[in-house]
Amino acid sequence: MKIRKAVFPVAGLGTRVLPATKAMPKEMLTIVDRPLIQYVFDEAREAGIEHFAFVTGRNKTAIEDHFDRMYELDATLAARGKKTEMEILARDQPEAGAVSFTRQQAPLGLGHAVWCARDIVGDEPFAVVLPDELVLNAPGCLAQMIAAANDLPEKSNVLAVQEVPADQTHQYGICGVGKRDGKIFEVDGMVEKPAKGTAPSNYSITGRYILQPEIFKILATQERGAGGEIQLTDAMIGLSKTQKFYGVDFDGERHDCGSKSGFLRANIAFGMARADLRDGLRDDMKRYLGSKG
Ligand code: UTP
(Lines give C-alpha, C1' and ligand atoms only; values in the text may rest on other atoms or scores of the structure.)
Protein backbone atom coordinates (compact mmCIF):
# COMPACT_ATOMS: atom_id res chain seq x y z
CA MET A 1 0.00 0.00 0.00
CA LYS A 2 1.80 3.14 -1.19
CA ILE A 3 0.71 6.32 0.61
CA ARG A 4 1.72 9.28 -1.55
CA LYS A 5 -0.62 12.03 -0.43
CA ALA A 6 -1.43 13.65 2.90
CA VAL A 7 -4.37 15.92 3.68
CA PHE A 8 -3.96 18.63 6.30
CA PRO A 9 -7.31 20.05 7.44
CA VAL A 10 -6.56 23.62 8.54
CA ALA A 11 -9.90 25.38 8.18
CA GLY A 12 -11.05 25.25 11.82
CA LEU A 13 -11.65 28.34 13.94
CA GLY A 14 -9.38 27.43 16.84
CA THR A 15 -11.83 28.73 19.41
CA ARG A 16 -10.06 27.05 22.33
CA VAL A 17 -7.05 29.32 21.99
CA LEU A 18 -8.77 32.62 21.25
CA PRO A 19 -7.79 35.42 21.05
CA ALA A 20 -4.50 34.04 19.64
CA THR A 21 -6.43 32.71 16.64
CA LYS A 22 -8.59 35.76 15.97
CA ALA A 23 -6.41 37.10 13.16
CA MET A 24 -3.87 34.27 12.86
CA PRO A 25 -4.43 30.61 11.91
CA LYS A 26 -4.12 28.18 14.82
CA GLU A 27 -1.80 26.11 12.63
CA MET A 28 0.70 29.01 12.59
CA LEU A 29 1.03 29.00 16.39
CA THR A 30 4.69 28.56 17.19
CA ILE A 31 6.29 25.75 19.12
CA VAL A 32 9.80 26.98 19.99
CA ASP A 33 10.66 28.62 16.63
CA ARG A 34 8.52 26.86 14.04
CA PRO A 35 4.80 26.95 13.28
CA LEU A 36 2.74 23.82 14.00
CA ILE A 37 2.12 23.33 10.29
CA GLN A 38 5.86 23.03 9.60
CA TYR A 39 6.25 20.21 12.15
CA VAL A 40 3.49 18.12 10.59
CA PHE A 41 4.70 18.88 7.06
CA ASP A 42 8.16 17.60 8.07
CA GLU A 43 6.64 14.53 9.74
CA ALA A 44 4.77 13.71 6.52
CA ARG A 45 7.77 14.37 4.28
CA GLU A 46 9.97 12.14 6.44
CA ALA A 47 7.30 9.43 6.16
CA GLY A 48 7.66 9.50 2.36
CA ILE A 49 4.64 11.65 1.47
CA GLU A 50 5.04 13.24 -1.96
CA HIS A 51 2.00 15.53 -2.16
CA PHE A 52 0.67 17.78 0.59
CA ALA A 53 -2.95 18.95 0.36
CA PHE A 54 -4.10 21.72 2.67
CA VAL A 55 -7.79 22.32 3.25
CA THR A 56 -7.83 25.98 4.23
CA GLY A 57 -10.49 28.56 4.99
CA ARG A 58 -10.82 32.31 5.35
CA ASN A 59 -8.06 33.93 7.38
CA LYS A 60 -5.57 31.19 6.51
CA THR A 61 -3.46 32.81 3.80
CA ALA A 62 -0.47 32.91 6.18
CA ILE A 63 -0.21 29.11 5.76
CA GLU A 64 0.06 29.43 1.99
CA ASP A 65 2.62 32.22 2.36
CA HIS A 66 4.61 30.13 4.82
CA PHE A 67 5.21 27.45 2.18
CA ASP A 68 6.08 29.96 -0.54
CA ARG A 69 9.40 31.66 -1.18
CA MET A 70 9.85 35.18 0.17
CA TYR A 71 12.13 36.85 -2.32
CA GLU A 72 12.75 40.01 -0.29
CA LEU A 73 13.70 37.93 2.73
CA ASP A 74 15.96 35.64 0.69
CA ALA A 75 17.69 38.62 -0.91
CA THR A 76 18.19 40.41 2.42
CA LEU A 77 19.52 37.29 4.14
CA ALA A 78 21.91 36.70 1.22
CA ALA A 79 23.11 40.32 1.31
CA ARG A 80 23.77 40.02 5.04
CA GLY A 81 25.55 36.67 4.71
CA LYS A 82 23.02 34.88 6.97
CA LYS A 83 23.79 31.39 5.68
CA THR A 84 22.27 29.37 8.55
CA GLU A 85 18.93 31.15 8.25
CA MET A 86 18.96 30.69 4.46
CA GLU A 87 19.59 26.97 4.92
CA ILE A 88 16.69 26.67 7.39
CA LEU A 89 14.30 28.36 4.94
CA ALA A 90 15.50 26.18 2.05
CA ARG A 91 15.13 23.00 4.12
CA ASP A 92 11.56 23.83 5.13
CA GLN A 93 10.46 24.64 1.58
CA PRO A 94 8.29 22.12 -0.31
CA GLU A 95 9.27 21.13 -3.82
CA ALA A 96 7.46 23.15 -6.51
CA GLY A 97 4.13 21.51 -7.37
CA ALA A 98 4.14 19.28 -4.27
CA VAL A 99 1.51 21.31 -2.40
CA SER A 100 -2.15 22.01 -3.14
CA PHE A 101 -4.59 24.30 -1.40
CA THR A 102 -8.33 23.97 -1.50
CA ARG A 103 -10.94 25.79 0.58
CA GLN A 104 -13.59 24.63 2.96
CA GLN A 105 -15.91 27.61 2.71
CA ALA A 106 -17.47 27.01 6.13
CA PRO A 107 -16.07 25.03 9.08
CA LEU A 108 -18.65 22.24 8.93
CA GLY A 109 -16.43 19.72 10.68
CA LEU A 110 -13.35 17.56 10.18
CA GLY A 111 -15.21 15.02 8.03
CA HIS A 112 -16.36 17.78 5.68
CA ALA A 113 -12.83 19.23 5.53
CA VAL A 114 -11.40 15.86 4.48
CA TRP A 115 -14.15 15.48 1.85
CA CYS A 116 -13.10 18.84 0.36
CA ALA A 117 -9.79 17.16 -0.66
CA ARG A 118 -11.47 14.35 -2.63
CA ASP A 119 -10.44 15.55 -6.08
CA ILE A 120 -6.85 16.20 -5.02
CA VAL A 121 -6.56 12.73 -3.48
CA GLY A 122 -8.39 10.79 -6.20
CA ASP A 123 -8.70 7.02 -6.05
CA GLU A 124 -5.80 6.03 -3.78
CA PRO A 125 -5.19 5.53 -0.05
CA PHE A 126 -4.06 8.71 1.70
CA ALA A 127 -3.04 10.11 5.08
CA VAL A 128 -4.88 12.70 7.14
CA VAL A 129 -2.72 14.68 9.56
CA LEU A 130 -4.14 17.12 12.10
CA PRO A 131 -1.65 19.93 12.60
CA ASP A 132 -2.69 20.80 16.13
CA GLU A 133 -1.48 17.43 17.39
CA LEU A 134 2.27 17.01 17.53
CA VAL A 135 4.10 13.80 18.36
CA LEU A 136 7.67 14.05 19.61
CA ASN A 137 9.45 10.93 18.36
CA ALA A 138 11.87 9.60 15.77
CA PRO A 139 10.62 7.95 13.64
CA GLY A 140 7.54 10.16 13.48
CA CYS A 141 4.01 8.94 14.10
CA LEU A 142 3.03 8.83 10.40
CA ALA A 143 6.19 6.91 9.48
CA GLN A 144 5.31 4.32 12.14
CA MET A 145 1.79 4.03 10.71
CA ILE A 146 2.99 3.67 7.12
CA ALA A 147 5.47 0.98 8.21
CA ALA A 148 2.59 -0.86 9.91
CA ALA A 149 0.31 -0.41 6.88
CA ASN A 150 2.89 -2.08 4.64
CA ASP A 151 2.32 -5.37 6.50
CA LEU A 152 -1.48 -5.14 6.44
CA PRO A 153 -3.85 -6.44 3.75
CA GLU A 154 -4.90 -4.16 0.86
CA LYS A 155 -7.80 -1.84 1.64
CA SER A 156 -6.88 -1.53 5.32
CA ASN A 157 -7.45 1.72 7.19
CA VAL A 158 -5.02 2.66 9.95
CA LEU A 159 -5.53 4.89 12.99
CA ALA A 160 -2.89 6.29 15.33
CA VAL A 161 -4.12 5.47 18.83
CA GLN A 162 -2.92 6.19 22.32
CA GLU A 163 -4.22 5.31 25.77
CA VAL A 164 -5.86 8.05 27.84
CA PRO A 165 -6.91 7.92 31.51
CA ALA A 166 -10.28 6.18 31.99
CA ASP A 167 -11.90 9.36 33.36
CA GLN A 168 -11.05 11.25 30.12
CA THR A 169 -12.39 8.85 27.47
CA HIS A 170 -15.57 10.93 27.07
CA GLN A 171 -13.46 13.72 25.52
CA TYR A 172 -12.13 11.61 22.63
CA GLY A 173 -12.99 9.31 19.76
CA ILE A 174 -12.44 5.85 21.27
CA CYS A 175 -11.93 2.50 19.57
CA GLY A 176 -12.50 -1.04 20.77
CA VAL A 177 -9.53 -3.44 20.75
CA GLY A 178 -9.76 -6.70 18.79
CA LYS A 179 -7.00 -9.16 17.87
CA ARG A 180 -3.63 -7.72 18.84
CA ASP A 181 -0.13 -8.26 17.47
CA GLY A 182 2.42 -6.14 19.35
CA LYS A 183 1.63 -2.49 18.78
CA ILE A 184 -1.03 -3.13 16.12
CA PHE A 185 -4.56 -4.30 16.76
CA GLU A 186 -7.77 -4.80 14.84
CA VAL A 187 -10.23 -2.04 15.70
CA ASP A 188 -13.39 -3.49 17.15
CA GLY A 189 -15.87 -0.61 16.93
CA MET A 190 -15.41 3.16 17.21
CA VAL A 191 -17.38 5.74 19.12
CA GLU A 192 -17.04 9.54 19.21
CA LYS A 193 -16.96 10.97 22.74
CA PRO A 194 -18.66 8.05 24.57
CA ALA A 195 -20.75 8.88 27.63
CA LYS A 196 -18.81 8.43 30.88
CA GLY A 197 -18.38 4.76 31.82
CA THR A 198 -19.38 3.42 28.38
CA ALA A 199 -16.08 3.54 26.45
CA PRO A 200 -15.06 0.21 24.87
CA SER A 201 -11.39 0.81 25.84
CA ASN A 202 -8.97 3.55 26.86
CA TYR A 203 -7.57 3.86 23.33
CA SER A 204 -8.23 7.29 21.86
CA ILE A 205 -8.10 7.96 18.13
CA THR A 206 -5.46 10.65 17.63
CA GLY A 207 -4.85 13.07 14.78
CA ARG A 208 -3.26 10.73 12.23
CA TYR A 209 -5.19 8.46 9.85
CA ILE A 210 -4.50 6.35 6.78
CA LEU A 211 -7.75 6.01 4.89
CA GLN A 212 -8.97 4.29 1.77
CA PRO A 213 -10.59 6.52 -0.89
CA GLU A 214 -13.99 4.85 -0.34
CA ILE A 215 -14.32 7.16 2.69
CA PHE A 216 -15.17 10.04 0.30
CA LYS A 217 -18.36 8.38 -0.90
CA ILE A 218 -19.53 8.02 2.68
CA LEU A 219 -18.51 11.56 3.60
CA ALA A 220 -20.50 12.89 0.64
CA THR A 221 -23.75 11.91 2.35
CA GLN A 222 -22.61 11.96 5.99
CA GLU A 223 -25.11 13.75 8.23
CA ARG A 224 -24.06 16.15 10.97
CA GLY A 225 -23.11 14.43 14.23
CA ALA A 226 -21.67 15.55 17.58
CA GLY A 227 -21.48 19.36 17.89
CA GLY A 228 -23.55 19.77 14.72
CA GLU A 229 -20.42 18.98 12.67
CA ILE A 230 -19.80 16.39 9.95
CA GLN A 231 -17.59 14.02 11.91
CA LEU A 232 -14.81 11.94 10.37
CA THR A 233 -15.34 9.27 13.04
CA ASP A 234 -18.97 8.78 11.96
CA ALA A 235 -17.86 8.22 8.35
CA MET A 236 -15.15 5.81 9.52
CA ILE A 237 -17.79 3.85 11.44
CA GLY A 238 -19.69 3.60 8.13
CA LEU A 239 -16.58 2.44 6.25
CA SER A 240 -15.75 -0.13 8.95
CA LYS A 241 -18.81 -2.12 7.80
CA THR A 242 -16.98 -3.04 4.58
CA GLN A 243 -13.28 -2.47 5.34
CA LYS A 244 -10.95 -3.27 8.23
CA PHE A 245 -9.52 -0.67 10.58
CA TYR A 246 -6.32 -1.17 12.57
CA GLY A 247 -4.98 0.80 15.51
CA VAL A 248 -1.27 1.55 15.82
CA ASP A 249 -0.25 2.20 19.41
CA PHE A 250 2.58 4.49 18.34
CA ASP A 251 5.77 5.44 20.16
CA GLY A 252 6.06 9.08 21.21
CA GLU A 253 4.42 11.68 23.35
CA ARG A 254 1.36 13.35 21.83
CA HIS A 255 0.70 17.03 22.42
CA ASP A 256 -2.68 18.66 21.83
CA CYS A 257 -1.46 22.10 20.82
CA GLY A 258 -5.02 23.28 20.18
CA SER A 259 -5.55 23.60 23.94
CA LYS A 260 -3.78 26.17 26.09
CA SER A 261 -2.18 23.69 28.50
CA GLY A 262 -1.17 21.32 25.68
CA PHE A 263 0.38 24.21 23.76
CA LEU A 264 2.46 25.28 26.76
CA ARG A 265 3.55 21.69 27.50
CA ALA A 266 4.56 21.18 23.86
CA ASN A 267 6.75 24.27 23.98
CA ILE A 268 8.53 22.88 27.03
CA ALA A 269 8.85 19.35 25.61
CA PHE A 270 10.12 20.50 22.20
CA GLY A 271 12.34 23.12 23.86
CA MET A 272 13.89 20.47 26.13
CA ALA A 273 14.50 18.28 23.07
CA ARG A 274 16.66 21.04 21.56
CA ALA A 275 20.35 20.84 22.48
CA ASP A 276 20.76 24.61 21.95
CA LEU A 277 17.97 25.52 24.39
CA ARG A 278 17.79 22.68 26.93
CA ASP A 279 20.17 23.94 29.63
CA GLY A 280 18.86 27.49 29.70
CA LEU A 281 15.25 26.29 29.73
CA ARG A 282 15.93 23.86 32.58
CA ASP A 283 17.53 26.65 34.63
CA ASP A 284 14.60 28.96 33.96
CA MET A 285 12.05 26.35 34.94
CA LYS A 286 13.93 25.56 38.15
CA ARG A 287 13.92 29.26 38.97
CA TYR A 288 10.15 29.54 38.37
CA LEU A 289 9.35 26.38 40.29
CA GLY A 290 11.61 27.55 43.14
CA SER A 291 9.98 30.93 43.46
CA LYS A 292 6.38 29.97 42.72
CA GLY A 293 6.17 26.76 44.82
P1 UTP B 1 -10.24 20.93 15.97
O2 UTP B 1 -11.62 20.69 16.42
O3 UTP B 1 -9.12 20.59 16.90
O4 UTP B 1 -10.00 22.42 15.53
O5 UTP B 1 -10.00 20.23 14.58
P6 UTP B 1 -10.86 23.72 15.64
O7 UTP B 1 -12.29 23.46 15.35
O8 UTP B 1 -10.14 24.71 14.80
O9 UTP B 1 -10.58 24.11 17.16
P10 UTP B 1 -11.52 24.52 18.39
O11 UTP B 1 -12.08 23.21 18.89
O12 UTP B 1 -12.53 25.50 17.89
O13 UTP B 1 -10.55 25.15 19.34
C14 UTP B 1 -8.83 19.55 14.22
C15 UTP B 1 -8.28 20.04 12.88
O16 UTP B 1 -9.30 20.01 11.91
C17 UTP B 1 -9.42 21.27 11.27
C18 UTP B 1 -8.82 22.28 12.24
O19 UTP B 1 -8.29 23.40 11.52
C20 UTP B 1 -7.78 21.47 12.96
O21 UTP B 1 -6.51 21.53 12.30
N22 UTP B 1 -10.84 21.53 10.96
C23 UTP B 1 -11.78 21.40 11.91
C24 UTP B 1 -11.18 21.92 9.67
O25 UTP B 1 -10.32 22.02 8.78
N26 UTP B 1 -12.49 22.19 9.39
C27 UTP B 1 -13.47 22.06 10.33
O28 UTP B 1 -14.65 22.32 9.99
C29 UTP B 1 -13.10 21.67 11.63
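From a predicted model like this one, the values you see are computed outputs, not experimental measurements. (Residues numbered from 1 in each chain as written. Predicted model: local features only at pLDDT ≥ 70, side-chain atom pairs only at ≥ 80, totals over all residues. Heavy atoms only, no water.)

1. Considering the site of the ligand
Moving on, step 1. The environment of the ligand is formed by 19 residues, the closest being Gly12, Thr15, Arg16, Gln104 and Gly109.
Moving on, step 2. Contact distances for the ligand include 3.3 Å between an oxygen atom and a backbone N or O atom of Leu108.
Moving on, step 3. Contact with the protein chains removes 86% of the 570 Å² of surface that the ligand exposes when unbound.
Moving on, step 4. Partitioning the shell around the ligand into residue classes produces ten nonpolar, five polar and four charged. (Near = heavy atom within 4 Å. Polar contact = N/O pair within 3.5 Å; in protein donor to acceptor, adjacent residues only side chain to side chain. Areas by Shrake-Rupley, 256 points an atom, 1.4 Å probe, with all protein chains shown as cover. Nonpolar A, V, L, I, M, F, W, Y, C, P; charged D, E, K, R; others polar.)

2. Observations concerning the UniProt feature "domain: Nucleotidyl transferase" (unreviewed entry) in the protein chain
Moving on, step 1. In the numbering used here, UniProt assigns the feature "domain: Nucleotidyl transferase" (unreviewed entry) to residues 10-267.
Moving on, step 2. Helix makes up 30% of residues 10-267 and strand 26%, and the two end C-alpha atoms of the span are 20 Å apart. (UniProt positions renumbered as here; feature names shortened; annotations may be inferred. Helix = DSSP H or I, 4+ residues; strand = E, 2+ residues; numbered from the N terminus.)

3. Examining the packing of helix H3 (residues 71-79) against helix H4 (residues 83-92)
Moving on, step 1. It is the contact of H3 with H4, at a shortest axis distance of 8 Å, that shows an interaxial angle of 150 degrees. Comparing their axes, H4 and H3 come out roughly antiparallel. H3 and H4 meet at a crossing whose hand is left-handed. The segment H3 lies against H4, with Leu73, Asp74, Leu77 and Ala78 engaging Glu85, Met86 and Leu89. (Axes fitted to C-alpha atoms, helices over the stretch in contact; angles between N-to-C directions. Parallel < 35°, antiparallel > 145°, perpendicular 65-115°, else oblique. Left-handed = near helix turned anticlockwise from the far one by under 90°. Contact = heavy atoms within 4.5 Å.)

4. Notes on the packing of aromatic side chains
Moving on, step 1. All chains considered together, the criterion is met by nine aromatic pairs.
Moving on, step 2. Between Tyr39 and Phe270, the aromatic rings sit 5.1 Å apart at their centres with planes inclined by 70 degrees, giving edge-to-face as the arrangement. In this pair, Tyr39 sits in helix H1 (residues 36-46) while Phe270 sits in helix H10 (residues 260-272), placing the two residues 231 residues apart along the sequence. As far as the burial class goes, Tyr39 and Phe270 line up, both buried.
Moving on, step 3. When the centroid spacing of 5.1 Å and the interplanar angle of 55 degrees are considered together, the rings of Phe185 and Tyr203 count as tilted. Of this pair, Phe185 sits in strand E10 (residues 184-192) while Tyr203 is found in strand E11 (residues 203-211), placing the two residues 18 residues apart along the sequence.
Moving on, step 4. The class of Tyr203 is buried, set by a relative accessible area of 7%.
Moving on, step 5. Among the aromatic residues, those joined into a cluster by ring pairs are Phe8, Phe41, Phe52, Phe54, Phe67 and Phe101.
Moving on, step 6. Taking NZ or CZ as reference, Arg34 lies 5.6 Å from the ring centre of Tyr39, over its face. (Phe/Tyr/Trp six-rings, centres within 6.5 Å; stacked < 30°, edge-to-face > 60°. Buried < 20%, exposed > 50% of the residue type's maximum accessible area, 1.4 Å probe, protein only. Lys NZ or Arg CZ within 6 Å of the ring centre and 35° of its normal.)

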